[in-house]
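Residues per chain are reported as follows:
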Amino acid sequence: MRGVRVRILLTGVNGQVGWELQRTLAPLGEVIAVDRSRLDLADTAGIRRAVDAIAPDLIVNPAAYTVVDQAESEPDLAHAINAAAPGELAQAAAARGIPLVHFSTDYVFDGRKSAAYTEADAPNPLGVYGATKLAGEQAVARAGAPHLILRASWVYGLRGRNFLLTMQRLLRERDSLAVVDDQFGAPTWSRLIAEATALVIVRWLDRPDQIATSGIYHLSCGGRTSWRGFTAAIRAHLAATDAKLACLTAIPTAGYPTPAARPANSQLDGDKLAATFGVRLPDWETALALCLDQDFPQSIK
Ligand SMILES: NC(=O)C1=CN([C@@H]2O[C@H](COP(=O)(O)OP(=O)(O)OC[C@H]3O[C@@H](n4cnc5c(N)ncnc54)[C@H](OP(=O)(O)O)[C@@H]3O)[C@@H](O)[C@H]2O)C=CC1
Ligand SMILES: Cc1cn([C@H]2C[C@H](O)[C@@H](COP(=O)(O)OP(=O)(O)O[C@H]3O[C@@H](C)C(=O)[C@@H](O)[C@H]3O)O2)c(=O)[nH]c1=O
Ligand SMILES: [Mg+2]
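Rules and cut-offs
Residues numbered from 1 in each chain as written. Chains lettered and ligands numbered in written order. Predicted model: local features only at pLDDT ≥ 70, side-chain atom pairs only at ≥ 80, totals over all residues. UniProt positions renumbered as here; feature names shortened; annotations may be inferred. Near = placed C-beta within 6 Å. Helix = DSSP H or I, 4+ residues; strand = E, 2+ residues; numbered from the N terminus. Core = buried A, V, L, I, M, F, W, Y, C linked by C-beta atoms within 7 Å. Buried ≥ 20, exposed ≤ 12 C-beta atoms within 10 Å, placed from the backbone. Contact = placed C-beta atoms within 7 Å. Axes fitted to C-alpha atoms, helices over the stretch in contact; angles between N-to-C directions. Left-handed = near helix turned anticlockwise from the far one by under 90°. Nonpolar A, V, L, I, M, F, W, Y, C, P; charged D, E, K, R; others polar. Pairing = 2+ DSSP bridges. Expected span 1.5 Å × (residues − 1). Arc of directions from axis to C-beta. pLDDT = per-residue confidence, 0-100. Bend = angle between axes of the 7 residues up to and from the residue.

- Going by the annotation in an unreviewed UniProt entry, the name recorded for the chain is dTDP-4-dehydrorhamnose reductase, with Thiobacillus denitrificans given as the source organism.
- Taken verbatim from the UniProt record of the chain, the Catalytic activity (unreviewed entry) comment is "dTDP-beta-L-rhamnose + NADP(+) = dTDP-4-dehydro-beta-L-rhamnose + NADPH + H(+)".
- What UniProt states about the chain under its Sequence similarities (unreviewed entry) heading is, verbatim, "Belongs to the dTDP-4-dehydrorhamnose reductase family."

1. Examining the site of ligand 1
Okay, so step 1: Surveying the vicinity of ligand 1 reveals 28 residues, the closest of which are G15, Q16, A63, A64 and V155.
Okay, so step 2: Residue assignment for the shell around ligand 1 shows that the elements contributing at least two residues are α1 (16-24) and β4 (100-105).
Okay, so step 3: With three residues, the single largest contributor to the shell around ligand 1 is α1.

2. A word on the nonpolar core
Okay, so step 1: In terms of nonpolar packing, the biggest core is built from 82 residues, with L10 and L89 touching the most fellow members.
Okay, so step 2: With nine residues, helix α4 (residues 75-96) is the largest single contributor of residues to this core.
Okay, so step 3: If sequence neighbours within four positions are ignored, L89 has contacts with I47, V51, I59, N61 and L100.

3. Focus on the packing of helix α2 (residues 44-54) against α4
Okay, so step 1: It is the contact of α2 with α4, at a shortest axis distance of 9 Å, that shows an interaxial angle of 35°. Classified by chirality, the crossing of α4 by α2 is right-handed. Of α4, the residues touching α2 (which contributes T44, I47, R48 and V51) are A80, A84, A85, E88, L89 and A92.
Okay, so step 2: Partitioned by chemical class, the residues of the contact of α2 with α4 number seven nonpolar, one polar and two charged.

4. A few points about the sheet that holds strand β3 (residues 58-61)
Okay, so step 1: Taken in spatial order, the six strands make up an open sheet running β2-β1-β3-β4-β5-β10, and their pairing is parallel. The sheet is open, and its two edges are formed by β2 (29-33) and β10 (215-218), each paired on a single side. The average undirected angle you get between the axes of adjacent strands in this sheet is 25°.
Okay, so step 2: Sheet analysis places β4 next to strand β5 (residues 147-152), joined by six bridges and oriented parallel. What sits directly across from S104, in β5, is R151.
Okay, so step 3: Against the sheet, helix α5 (residues 128-143) engages β4, β5 and β10, with an angle of about 155° to β4.
Okay, so step 4: Its contacts with the sheet put helix α7 (residues 190-205) on β4 and β5, and the angle it makes with β5 is roughly 160°.

5. Quick notes on helix α8 (residues 227-238)
Okay, so step 1: When the terminal C-alpha atoms of α8 are compared, their 16 Å separation across 12 residues agrees well with the 16 Å that a helix rising 1.5 Å per residue should span.
Okay, so step 2: Among the residues of α8, W227, F230, T231 and I234 are the ones counted as buried. Burial along α8 is one-sided: seen end-on, the buried residues are contained in an arc of 100°.
Okay, so step 3: The inward-facing, buried residues of α8 abut α6 (163-173), β7 (176-180), β11 (225-226) and β12 (247-251).

6. Some remarks on the confidence of the model for the chain
Okay, so step 1: Model confidence for the chain is summarised by a mean pLDDT of 95, while 96% of its residues fall at 70 or above.
Okay, so step 2: Note on residues 296-301: pLDDT under 50 across the span, and two contacts to partners over four residues away in sequence or across chains.
Okay, so step 3: If you check the scores for this complex, the pTM reads 0.96 and the ipTM reads 0.98.

7. Quick word on the site of ligand 2
Okay, so step 1: By nearness alone, 20 residues border ligand 2, and T66, V68, T105, V180 and Y256 come closest of all.
Okay, so step 2: When contributions to the shell around ligand 2 are tallied by element, the ones reaching two or more residues are α6 and β7.
Okay, so step 3: A total of four residues in the shell around ligand 2 trace back to one element, the largest contributor, which is β7.
Okay, so step 4: Tallied by class, residues from the shell around ligand 2 come to 12 nonpolar, six polar and two charged.

8. Here's the deal with α4
Okay, so step 1: For α4, which comprises 22 residues, the first-to-last C-alpha distance of 30 Å matches the rise-based estimate of 32 Å (1.5 Å per residue) to within 8%.
Okay, so step 2: Residue A84 marks the point of greatest curvature in α4, where the axis turns by about 30°; the proline P86 follows within four residues.
Okay, so step 3: Just past α4, the residue G97 takes up positive phi, approximately 70°.

Shown next as structure tokens:
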């Protein structure tokens, strides 16, 4: 693949990660970005036909059903998009002899481990979203195409639907805000995921051992915090410009009941990605500062 411009089929281009991937994959080749109107992943039967019509050299699939609570009442749709569709994409890739890069989530874990999860830890999802994402991982692995499954966590950015934008709005609107303080993980900026993914793809496609290096890799920011801790950091950044912000209180999970259960700890260990591809994302606090375009803490003034 060295030096060759590849045709890349990219799904989910209006999503957080897909939007950023459109830009970070552009230097690698021709990006054929498809949205739901061109490739509806709920239509499992149409996927193979669409892939064959596009005839890509590589498939990158950040599209997913990501509404965690709603998934509890739409398990069939979530399964179609998160499990059946990646399986079809991977089978199409295997049939064409091309590689697939797929994304998954920290919510495949049950959160009972106190340390960071490695790729060797057994998944045990607590809800429909996590279960369908795990089924997607398994379907991709089974298909036999060279593949990377990149597990991210707590994805945010300045675009789309995410916790950062929700909290910025609520902190401005409300007098007080109660946020759970007993679920831990690492917030991860969508742009860094997309930049790291492009770098990993270049290094992976350059290797002779794409099948041997196929598998699951954890790709999320370093460190960990709670949802309240993440909100406190968002609040601290906002305080530079906004005089009046909601007071923050810590609550237990039981104080914010949701249809889907979430892991108490889903910090991901990034050592395997660093050892294999030389890529590691910065700590979540550094990433948040980069995203919000604040002064970088260590920068020389
Ligand atoms: N968001 C998060 O916190 C985390 C996400 N991940 C994983 O990372 C990946 C990227 O997530 P993220 O970018 O945040 O997701 P988003 O929810 O921001 O975007 C998902 C995209 O998938 C598309 N999509 C949904 N249903 C269909 C369908 N039937 N056919 C075609 N496209 C569809 C959406 O299209 P449309 O715009 O039309 O709705 C949207 O563009 C996913 O695999 C996700 O599971 C992992 C950890 C955390
Ligand atoms: C809005 C709000 C949420 N919370 C809690 C609810 C929940 O336990 C936690 C996180 O809320 P959210 O529902 O926004 O986050 P959630 O949808 O669970 O986010 C997850 O999305 C999927 C797609 C992933 O893959 C995960 O990595 C993760 O990012 O914060 C509060 O405590 N107070 C609040 O005001
Ligand atoms: Mg959500």
